[in-house]
Amino acid sequence: MSTPALMPVYPRCGVRPVRGEGCYLIGEQGERYLDFAAGIAVNALGHGHPKLVQAIADQAATLMHVSNLYGSPQGEHLAQRIVDSSFADTVFFTNSGTEAVECAIKTARRYHYANGNPQRTTLITFNNAFHGRTMGAISATNQPKMRDGFEPLLPGFKYAPFNDLEAALSLIDDTTAGFMVETVQGEGGVSAGTQEFIQGLRKACDEHGLLLVLDEVQCGYGRTGKMWAYEHYGITPDILSSAKGIGGGFPLGACLATAEAAKGMVFGTHGSTYGGNPLAMAAGEAILDVMLEPGFLDHVTAMGDRLRGAIEQMIPNHDHLFDSIRGMGLMLGIKMKDAAVARDFVAHLRDHHGLLTVAAGENVVRVLPPLVIEESHIAEFVQKLSDGARDYAVATV
Ligand SMILES: Cc1ncc(COP(=O)(O)O)c(C=O)c1O
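What counts, and at which threshold
Residues numbered from 1 in each chain as written. Predicted model: local features only at pLDDT ≥ 70, side-chain atom pairs only at ≥ 80, totals over all residues. Heavy atoms only, no water. UniProt positions renumbered as here; feature names shortened; annotations may be inferred. Helix = DSSP H or I, 4+ residues; strand = E, 2+ residues; numbered from the N terminus. Contact = heavy atoms within 4.5 Å. Core = buried A, V, L, I, M, F, W, Y, C linked by side-chain atoms within 4.5 Å. Buried < 20%, exposed > 50% of the residue type's maximum accessible area, 1.4 Å probe, protein only. Domains from an automatic or database assignment. Pairing = 2+ DSSP bridges. Axes fitted to C-alpha atoms, helices over the stretch in contact; angles between N-to-C directions.

An unreviewed UniProt entry lists the protein under the name Acetylornithine aminotransferase, from Sphingomonas echinoides. Its UniProt record gives the protein a comment under Sequence similarities (unreviewed entry), which states: "Belongs to the class-III pyridoxal-phosphate-dependent aminotransferase family. ArgD subfamily." Looking at the protein in UniProt, the text filed under Subcellular location (unreviewed entry) is "Cytoplasm".

K.L.:
How should I be thinking about the side chain of T125 in this particular structure?
P.N.:
Inspection of the secondary structure puts T125 in strand β5 (residues 122-126). Beyond its immediate sequence surroundings of up to four residues, T125 is in contact with A140, F157, K158, Y159, A160 and M180.

K.L.:
How do you make sense of the nonpolar core when you look at a structure like this?
P.N.:
Side chains of a nonpolar character, in soluble globular proteins, are inclined to be buried together. With 99 residues, the main nonpolar core has I82, F126, F179, F322 and F345 as its most contacted residues. Among the elements that take part in this core, helix α9 (residues 278-291) stands out by supplying eight residues, more than any other. When residues of this core are assigned to domains, at least three fall in each of domain 1 (17-48 + 295-396) and domain 2 (63-291). Apart from residues lying up to four places away in sequence, F322 is in contact with M314, I315, I334, K335, M336, K337, F345, L385 and A389. V101, A104, A140 and V217 belong to the second largest nonpolar core, which has 21 residues in total.

K.L.:
I tried to follow the sheet that holds strand β14 (residues 331-336) on my own but got confused; where do I start?
P.N.:
Reading across from one edge, β13-β14-β17-β16 is the order of the four strands in this open sheet, with antiparallel pairing throughout. The sheet is open, and its two edges are formed by β13 (322-328) and β16 (358-360), each paired on a single side. Strand-to-strand twist across the sheet, computed as the mean angle between neighbouring axes with direction ignored, equals 30°. Bridge analysis of β13 against β14 gives six bridges, and the strand direction is antiparallel.

So this is what it looks like as structure tokens:
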């Protein structure tokens, strides 16, 4: 068997997009898809948003890349705006989510090292978590499908059930550096941390001198209707990883930290050739400009409520198929009733109704539209979903 030129690590489907227009993707043969996957929560402004396109084009023609050996007016400016819009005092820019997670792990370890506690290296993480594919990120996840064959893994992680505060607290010992948790689990099945859980982790960190690291790569940056998902919990983290929506499709991530948590990250402790280059910064500025426009986040909340309400209404009509709705804002998940139909139903919606969604753990269909959707897109989604549910039922009887 010949090996494909493109390493075959993804079970790619038959959709082969070549163009995007707003909330739609267009395939090689001109077929149109309503894109309620948005590159898995990446295309916050949809496809081809004029402000993002213009900003990238202008910057590409002006200055695309320089080394981090030089001063970065572009990086300083975007970092300051992110600091002003968050809990953080300082930001390290990366090219992806997993690199932002990697930086978060290093920042946490280095904090305790700088504090004279080099034995505090262990992060307590959670079942069903997804933090990316670097060795650090797969070590932070206890899922065999991501780890098998990649041992030896990075030591220094312990795992507790998600939303089980007592179990998490019982793992604390004198090697603990802190907790690393998705505020709302994405790949794991759109499970939001409970108030008690997230607030309890914060409290334990304060009591024991530990760090709360939030992974908001998927749930942050406007997706839940707030700039950051932690804002729903009335707490702030010490360190946070961000990516996906922050670049709207341009590869950009960020590790945010308080001055205290970042105290170990001094000259020479971390770096990236591309991280924070002028082109990425221009993309990030354009996204943030739009996201901070008055009413943008309210729009996400309103569309999220509308979409959620529409799906909720539909559940009784298809209660053989749909169980419940979960999530926040425009990060929604439809929990399916029968075991393991989510993947198959996602394929059915895609192949027979031109609707793109994403399967997640716990038998959930993720609904992650661009944050700029309008009522008309919701109406079209609802039609496609209900048609899909109806003929899926017939096909599977
Ligand atoms: C919560 C979370 N963390 C980290 C990552 C990894 O991001 P990336 O694929 O950009 O490396 C993802 C990607 O889905 C994610 O959902």
